[in-house]
Amino acid sequence: MNVNLEEQQEMLRDSLERFLNKEYSFAQRAEHAGGAQGWSAKIWRHFAELGLLGLPFEVAHGGAGGSGVETMIVMEQLGKFLVLEPFLSTVVLAGNAVRLAGSAAQQGDLLPAIVRGELLMAFAHSEPQSRYDLAAVNATAVRARTAGWHLSGHKVGVLHGATARTLVVSARTSGLSPEPDGISLFLVDREAAGVTVKPYRTQDGSAAADIVFDQVEVANESVLGAVGGGFSTIQHVADIAVAALTAESVGAMRALQDMTLDYLKTRKQFGVALGSFQALQHRAVDMFLALELSSSMAMYAATMSDQPDPAVRSRAISAAKAHIGRSSRFVGQQAIQLHGAIGMTMECAVGHYVLRNMVIESQFGDTHHHLSAFAKSAGDAPS
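Quick summary incoming for the structure in this document. This structure is a prediction, so every number in the text was calculated from the model and none was measured.

Cut-offs and rules
Residues numbered from 1 in each chain as written. Predicted model: local features only at pLDDT ≥ 70, side-chain atom pairs only at ≥ 80, totals over all residues. Heavy atoms only, no water. Salt bridge = Lys/Arg side-chain N within 4 Å of Asp/Glu carboxyl O. Helix = DSSP H or I, 4+ residues; strand = E, 2+ residues; numbered from the N terminus. Buried < 20%, exposed > 50% of the residue type's maximum accessible area, 1.4 Å probe, protein only. Core = buried A, V, L, I, M, F, W, Y, C linked by side-chain atoms within 4.5 Å. Contact = heavy atoms within 4.5 Å. Phe/Tyr/Trp six-rings, centres within 6.5 Å; stacked < 30°, edge-to-face > 60°. Pairing = 2+ DSSP bridges. Arc of directions from axis to C-beta. Polar contact = N/O pair within 3.5 Å; in protein donor to acceptor, adjacent residues only side chain to side chain.

Attention shifts here to the pattern of salt bridges. Overall, the coordinates contain 11 salt bridges when judged by the stated rule. For glutamate 127, the salt bridge identified is with lysine 155, shortest N-O distance 2.7 Å. Taken together, the residues span a long stretch of sequence, with glutamate 127 in the loop between β1 (121–124) and β2 (140–143) and lysine 155 in strand β3 (residues 149–159) at a distance of 28 residues. Lysine 155 shares its class with glutamate 127; the two are buried. With a closest N to O distance of 2.8 Å, aspartate 239 and arginine 313 form a salt bridge. Residue aspartate 239 is located in helix α7 (residues 231–266), and its partner arginine 313 is located in helix α9 (residues 310–339); the two are separated by 74 residues in the primary sequence. Take aspartate 239 and arginine 313: they sit in the same class, and that class is buried. Each member of the salt-bridge network shares a partner with another, and the members are Glu76, Arg254 and Glu292.

Right under this line is the structure:
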């Protein structure tokens, strides 16, 4: 596997890093987080101008036709600066669902609007009882007497669900939970009658919502993909999202490494810099090794997120998520301890990065879940 970036990919990384260095300091992030939306519409418009919102989509829809590697590059920089804007929810989750399963008409209507920064979307799939089982869907959609569907159910932890205009919602049209067959995807207007949104902030300050659907009328034209055949799309979208999250986690770890090294070079004890103590140097090296190994695993996940074989793809994604989950915990613990008491304060950026990595570790399956999934898939793989 080639872990070196191409010239255009390096330009993408460098241009985004320069922009965020200028526009997304820790103090500026706090201002964005304190707004009504919890993020900046101005920054989102800049993302559209930079072409970030169209990276995974075809050129015909105004996108760049990029691979998982381009998404990885963006997500690592977003993690490095703790960016709050809805790139994961709109582009990675809902946008890729439309890209993978949408009809030509749906793609032509939705994807160009995402690319231009005019449409926000969210992926409403997790339910109170589902935990990490993607097939544990109790929400239902039944055919209406006239035409279309009536959708009812309860979705939780919907990222940026309160500000999205269009929701991609999973519901069972046949079968029983947790059967993979019988799950369908629907495009639902957030302001449709029967939709109740309860917004809140997650532990790391990100915006999320619980959404209740009560006999929401959905037209036949709003079914995304084949009726009853939505699980394969859900699985692929989840794998793409996990790959993106591993890259974001690496970005956060890189920021923690940089901040810790700066602190060790400047903070003095007994008249000398903390970095002069050999024991602390060894701990900094251990952080660096964990970071670099995680960076390689994130690249592996990014390249495998485009793999058409779901078994091969999910096995690779689980390996990366499990490894990076453990590494992010280790790097975060070292960063806090090496910063001393100041690392425990909310005024210090270190704790915010650790919180974000804690949330990432639990999204779409925690470390234990993915270790178990990898072990099972490795056992099922042909020898």
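This part takes up the nonpolar core. Within the largest apolar cluster, 81 residues are counted, with the highest numbers of intra-cluster contacts made by Phe47 and Phe87. Top contributing element to this core by residue count: helix α5 (residues 87–101), with nine residues. The next biggest cluster of nonpolar side chains, apart from the first, holds 25 residues, and it includes Ile324, Ala335, Ile336 and Leu338.

We now examine the environment of aspartate 214. Within the secondary structure, aspartate 214 is located in strand β7 (residues 207–218). Between the C-alpha atoms of aspartate 214 and glycine 153, which are 61 residues apart in sequence, the distance is 6.8 Å. Setting aside residues no more than four positions away along its own chain, aspartate 214 makes contact with Leu151, Ser152 and Gly194.

Attention now moves to unusual backbone geometry. For the bond running from serine 177 to proline 178, omega is 5°, close enough to zero to count as cis. Turning to its location among the elements, proline 178 is positioned in the loop between β4 (166–172) and β5 (183–189). Even without being a glycine, arginine 131 presents a positive backbone phi close to 50°. Counting through the fold element by element, arginine 131 comes out in the loop between β1 and β2. Of the residues examined, arginine 131 reaches a relative accessible area of 61% and is grouped as exposed. Of note in the backbone geometry, phenylalanine 364 takes a positive phi value of approximately 55° without being a glycine.

Counted according to the given criterion, the structure contains four aromatic pairs. When the centroid spacing of 6.2 Å and the interplanar angle of 65° are considered together, the rings of tryptophan 39 and tryptophan 44 count as edge-to-face. A residue is classified by how much of its surface remains accessible, and tryptophan 39, at 6% relative accessible area, is buried. Aromatic rings pair up to connect Phe19, Trp39, Trp44 and Phe47 into one cluster.

The next subject is the pairing of strand β6 (residues 195–201). Bridge analysis of β6 against β7 gives seven bridges, and the strand direction is antiparallel. Residue pairing for β7: tyrosine 200 is matched across the bridge by alanine 208. The antiparallel hairpin formed by β6 and β7 contains five residues in its connecting segment, where glycine 205 sits at a positive phi of about 95°.

Moving on, we come to helix α3 (residues 41–50). Inspection of α3 places Ile43, Trp44, Phe47 and Ala48 among the buried residues, and these make up the whole buried set. Each buried residue of α3 sits inside an arc of 150° when the element is viewed along its axis, so together they form one side. Projecting away from the buried face of α3 at angles above 90 degrees are the exposed residues Arg45 and Glu49. Looking at the buried positions of α3, the neighbouring elements they touch are α1 (7–23), α2 (26–33), α4 (68–80), α5 and α6 (104–115). A distance of 3.2 Å separates the backbone nitrogen of lysine 42 from a side-chain oxygen at the start of α3, and that oxygen is part of serine 40. One or two steps after α3, the chain reaches glycine 51, where phi turns positive at roughly 85°.

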